[in-house]
Each structure stands twice: as C-alpha cells, then as structure tokens.
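In case you want the letters, here they are:
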Amino acid sequence: MKRIFSGLLLSLLAWSTAHCAPPPVTEEDVAVNPDACRGASCTDAMRSDTGDASSVEMDGAIDDVPGAFDVTSEGSVADDGGGGDVSVTEAGLPDGGVTFGRCVPVGTLLQLSTEARQRARTISLGTHSAGYWASWSWLNAGATQVSFAQISATGARIGMDTNVVPEFLGSVVGGGGFAATPSGFSVALHSNFDMGLDIYLQRLTAMGARVGTPVRVVTDRELSELPDVIRTATGEVVVWRSTDDMATSQRLLASLVVGSTARAPISLTPMGMQASSFDVAFNATNAVVAMVSRRDSNGDVNLVTLNPDGTVVRTVPLTTSAFVSEPVAVTLLGGDAIVAWTERTAQSTLKLRRVNLTTGIAGPLVHVPEVGFEISQVGLELDRDGVVVAFRAPTMLGGSIAIARLGPTLALREGVSRVAPGGPGDAVTVASRGDGTFGVAWADEVPMPMRTTANFQVMRCP
C-alpha cells in the first residue's frame, strides 16, 4: 500500500481548513534570510550587490525599493515541535499514520499554459514585492516559446506574458531558468538556431521585456540543453547539461558571461561519471550546484561550490553508489547549503543533507519517512529558519502535489499539506516570499486527452 496519503485525504483536509484555519501571520512568525536565492527564486527583480543597502521593517507592508530589497525582523521562531497546534492524523497507516500540515491554498489554481502533447517541463520561479515571476517553455501555435509571467501574491496573473525568445532564434527552444539583476533579469535558453542545440543568455527589463540580442554562451556542436543561471559579483554563470556525441557522455558545464562575452566552458562533472539532473542556488557570497551524476544505473549526489567566476572551489559527495531518482534540489540557509533528493529503493522517500560551505563538511544523512514513500520530483526553498520541500506523491485517488515544512534540524515541523491534484511530470518548484506564503509550480503530462499543463498555486502556512 502506498504510504503517503489515502482516500481520506480530501475530506480530512477540508475539515482541517474549515475548523483549524491558520492564524494571521505576525512579525513574530517571520524570520527572513534576505540573501537566499534558489536557482530562479530571487528576493526581488531589483536587488543589488551593494550589500545591506536598505531594510524594511516587517510591519505588514514591504516597500519596493529600487536597487535593493532586504527584509529584517526582530525575532525568529523555532517551530520543530508543533507548538501545541491542532493537527489531523490518519490512523491505521504504518509508522503511526500521516500527520497532515496546516498550509492551505490561497485563491484558485492558475493554469499558466496548456499544449496538445506530453512533454517534460520545468518552471522557474522568483519572488518580488508584489508576488512572483515565472518562466517556462511550451508549444504555442506550432512554435516553442519561453514565457515570462508576473503573478500576484494571491496567484492571479498581472498583465500579459512575455515571450522571451527572439523570433530568429530557432524552432527548438527551451530552458527559461532566470536570475534577478539590478536592471531586470537574465534568462538562460537552449536553441537549435545554428545546428545542434546551443546555449544563449537573454537579458530582460524589470518588467520582463527583452533587452538587446541574446549572448551565445557555447559555440561547439554538442547538444547543450536545460540551462540555468547564477548571478555572482563577477557576472552571470550559466550552467547546463551537454551531450558530447563523439564521447557519448553527458557533462555538466558552466560558463561565466560578462556583458556580451562568454568564457570557455568549465566541466563540473566528477571524473568517470555522467551528468544527469542538477539545481542551482546563490546569494551575495555563495554559489552552489547540486547534481546527480551516474555510473551505469547507480547515481550519486554531489554539491559543487563555485567561485564568482564559475570555477570550482570543491565538490562534496553526498551519496555513494545510490539509486538516486530525478531530480535534485538545493537552497542556501545562512552559510550552509541544504540538498534534497529521493532514492529508488523499496521504501523510496525523502533524503537531505546539510553542508557547511566554509569547511565543505557535510552533516549526517537525514531521512524523513513521515512525508510518505514513493514521492518524487522534489523542489526546495527556505522557510524561516528551516526549509519547505515540494514534491509529487501518489494517493489512493491519484497523483498529488504536496509540500512539507522542515525545521533547522531538517525534522518535520508538522505534517504534509496537499497543494492540488497532480499527474506524472517533471520537477515541482517552490518559491518563498518570506511571509509564510509560497508559490508552487509544476507541469503535468496528461494522457487523456493528451496534453501538458503548466500550473501555479499559492500556499499559506501558519
């Protein structure tokens, strides 16, 4: 029996929403790390590298200050014990049952796009003072585009989506991972404009409109795909997976882009391994890449720390010859990186490790069986002094998208909260606004009728 949820999930969550509504968020509930940025999840489209240029008191309103976006709060809350809050427990399941969380949807589910085919899609998310930015690729009217959309704090579209792909860039386009810059955003794309698949960097204004022509990051004839971008004090570091047709191997490469110039790619892949999935995170002082590398069917999780120019500081192995699933997720919490993944074992479940970025020492492997088994496609984001993990989970009623909140020791704060129904698909992405609300995005591959839908839902947690 699958051990995450059962058919009682919907009714129990409905009861919890009606009778155990979360209290309003106060400033004592919030402790924000203003520098943290997980991949595309950035604190504001206007943030600056000038350090602590300004701060905003947590009085219920956040000012949009051009050039900087820092949030301060008087205190923080360590909430590993549940604090005596009411929870709902489903009896009769192994290991004492599943305790459901108290995070609830805000507004209605927003469908970002739909296309008449099944295709693996990832969605990049970022946050700002008014809500969220989202970027994803999809097939629209026979042509692939990468949309850039602004979403309100309650999950409603703001204005029109922007197609960030120039019309001349080719017919096969993908990617869409982005990073905030002082003037707007940088978006990483792959395209077949000049044979094969190559990597490009397109810059945008603060409103998501294209600026100038894209920078070609790689000029070889390898198949390069699925790029993401990290912003450092030196420039933009683009990270992507490349398939060398001659060597029949996959490598994870990185290249520093300064202005319109891209430096020669650097390999991040451990010797003798092939790169699989990866995730990036960065803040004002650190840039990291978590990756799954494989030898035969086994896979290892590694954390690669980078210099501002994209060169490797160190590689920290987190597993050894494990049956690691796809994908991996990473976020930064203070001077540490937290990495999350799942393993394809008889009891496949969530695994995490915390790595000190100064010493390179990894903490113990953390296993969180309370979230259930056979979960997949994890995403990770900060949650006060801990993290929130988003994932796909099977239930008796079909697939589901869910989140779980973990404390500083990576122990479960409370139970699992259901976000929405969800079928098979790629990674689930989550972004935090620092006030107890999270944006969750995912794409489902629907078989009947055949289509792929990109979805977004705001969740509020007490």
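Everything in this summary refers to the structure shown in the same document. Remember, it's a predicted structure, so these values are computed and weren't measured experimentally. (Residues numbered from 1 in each chain as written. Predicted model: local features only at pLDDT ≥ 70, side-chain atom pairs only at ≥ 80, totals over all residues. Heavy atoms only, no water.)

### Examining the overall build of the protein
Scanning the protein for helices and strands turns up 1 helix and 33 strands. Here the protein, with 462 residues, has 58% of them falling under the buried criterion. For the protein, contacts bridging at least 24 residues in sequence account for 50% of all contacts bridging at least 6. Counting only carbon and sulfur atoms, one obtains 56% of the accessible surface of the protein, whose full area is about 17,800 Å². (Helix = DSSP H or I, 4+ residues; strand = E, 2+ residues; numbered from the N terminus. Buried < 20%, exposed > 50% of the residue type's maximum accessible area, 1.4 Å probe, protein only. Contact = heavy atoms within 4.5 Å. Areas by Shrake-Rupley, 256 points an atom, 1.4 Å probe, with all protein chains shown as cover.)

### Examining the state of the cysteines
Summed over all chains, the structure comprises 1 disulfide. Between the sulfur atoms of Cys-103 and its disulfide partner Cys-461 the distance amounts to 2.1 Å. Negative torsions about the S-S bond denote left-handed disulfides, and the value of about 115° found for Cys-103 with Cys-461 makes this one right-handed. Residue Cys-103 is located in the loop between β4 (98–100) and β5 (104–115), and its partner Cys-461 is located in the segment after β33 (451–460); the two are separated by 358 residues in the primary sequence. (Disulfide = S-S within 2.5 Å.)

### Things to note about empty space enclosed by the protein
Evaluated as defined, the whole model comprises 2 cavities of 30 Å³ or more. In this structure, the second largest cavity occupies an estimated 30 Å³ of space. Contributing to the lining of the second largest cavity are Ser-113, Glu-115, Arg-121, Trp-136, Ser-137, Trp-138, Ala-443, Thr-452, Thr-453 and Ala-454. Sorting the residues of the lining of the second largest cavity by element identifies β5, β7 (131–140) and β33 as the ones contributing at least two each. Looking at the lining of the second largest cavity, its residues break down into 4 nonpolar, 4 polar and 2 charged. (1 Å grid on protein atoms, 1.4 Å probe; cavity = no way out; pocket = protein on both sides within 12 Å on 5 of 7 lines; lining within 4 Å. Points joined across faces, edges and corners; volume = space filled by probe spheres on them. Nonpolar A, V, L, I, M, F, W, Y, C, P; charged D, E, K, R; others polar.)

### Some details on the sheet that holds strand β10 (residues 173–181)
In space, the 4 strands of this open sheet follow the order β10-β11-β12-β13, with antiparallel pairing throughout. Each edge of the open sheet is held by one strand with a lone partner, namely β10 and β13 (210–216). Across the sheet, the mean angle separating the axes of adjacent strands is 20° when strand polarity is ignored. Pairing between strand β11 (residues 184–191) and strand β12 (residues 198–205): 8 bridges, direction antiparallel. (Pairing = 2+ DSSP bridges. Axes fitted to C-alpha atoms, helices over the stretch in contact; angles between N-to-C directions.)

### Some details on the pairing of strand β31 (residues 429–432)
Covered by surrounding structure in β31 are Thr-429 and Ala-431 together with Val-430 and Ser-432, the residues of both alternating faces. Pairing of β31 with strand β32 (residues 437–446), which is carried by 4 bridges, proceeds in the antiparallel orientation. Bridge pairing links Thr-429 to Ala-441 in β32. Hairpin connection of β31 to β32: 4 residues between the antiparallel strands, including Gly-434 at a positive phi of 80°.

### A short note on the sheet that holds β32
Sheet architecture is open: 4 strands sit in the order β5-β33-β32-β31, paired in antiparallel fashion. Edge positions in the sheet fall to β5 and β31, since each has one partner strand and no second. Sheet twist, expressed as the mean angle between neighbouring strand axes with direction ignored, is 15°.

### A word on the pattern of salt bridges
When the charged atoms of two side chains with opposite charge come close together, those side chains can pair. Enumeration according to the criterion identifies 18 salt bridges in this entry. The salt bridge involving Glu-115 is made with Arg-117; its shortest N-O contact spans 3.2 Å. With a shortest N-O distance of 2.9 Å, Glu-326 and Arg-294 are connected by a salt bridge. You can see Glu-326 sitting in the loop between β22 (312–317) and β23 (329–333) and its partner Arg-294 sitting in strand β20 (residues 287–295), a full 32 residues away along the chain. Taking the relative accessible area as the measure of exposure, Glu-326 reaches 31% and is therefore partly exposed. Overlapping salt bridges, with partners in common, bring together Arg-102, Asp-383, Arg-384, Asp-385, Arg-405, Arg-413 and Glu-414 in one network. (Salt bridge = Lys/Arg side-chain N within 4 Å of Asp/Glu carboxyl O.)

### Some thoughts on the side chain of Arg-433
Here Arg-433 is to be found in the loop between β31 and β32. At a separation of 3.2 Å, a polar atom in the side chain of Arg-433 contacts the side chain of Asp-435. With residues near it in sequence (within four places) discarded, Arg-433 still touches Thr-127, His-128, Ser-129, Ala-130, Gly-131, Tyr-132 and Ala-153. (Polar contact = N/O pair within 3.5 Å; in protein donor to acceptor, adjacent residues only side chain to side chain.)

### What to know about the side chain of Gln-457
Along the chain, Gln-457 falls in strand β33. Looking at Gln-457, its side chain comes within polar contact range of the main-chain nitrogen of Leu-109, at 3.1 Å. Setting aside chain neighbours within four positions, we find Gln-457 in contact with Pro-105, Val-106, Gly-107, Thr-108, Leu-109, Val-419, Phe-438, Gly-439, Val-440 and Trp-442.

### Side note on the layout of surface pockets
Reported here for the largest pocket is a volume of approximately 880 Å³. Considering the residues around the largest pocket, the lining is formed by 41 residues, among which Arg-121, Thr-122, Gly-175, Leu-226 and Asp-426 are closest to the centre. Those elements giving two or more residues to the lining of the largest pocket turn out to be β6 (123–128), β7, β10, β14 (223–231) and β19 (274–282). Per-element tally for the lining of the largest pocket: the top contributor is β10, with 5 residues. Here the residues of the lining of the largest pocket sort into 15 nonpolar, 16 polar and 10 charged.

### A closer look at the nonpolar core
Formed by 28 residues in total, the largest nonpolar core has its most connected members in Ile-230, Val-238, Val-239, Leu-252, Val-289 and Leu-306. Take this core: its biggest share by element is 5 residues, from strand β16 (residues 249–258). Val-368, Ala-402, Leu-406 and Val-416 belong to the second-largest nonpolar core, a separate cluster that totals 23 residues. (Core = buried A, V, L, I, M, F, W, Y, C linked by side-chain atoms within 4.5 Å.)

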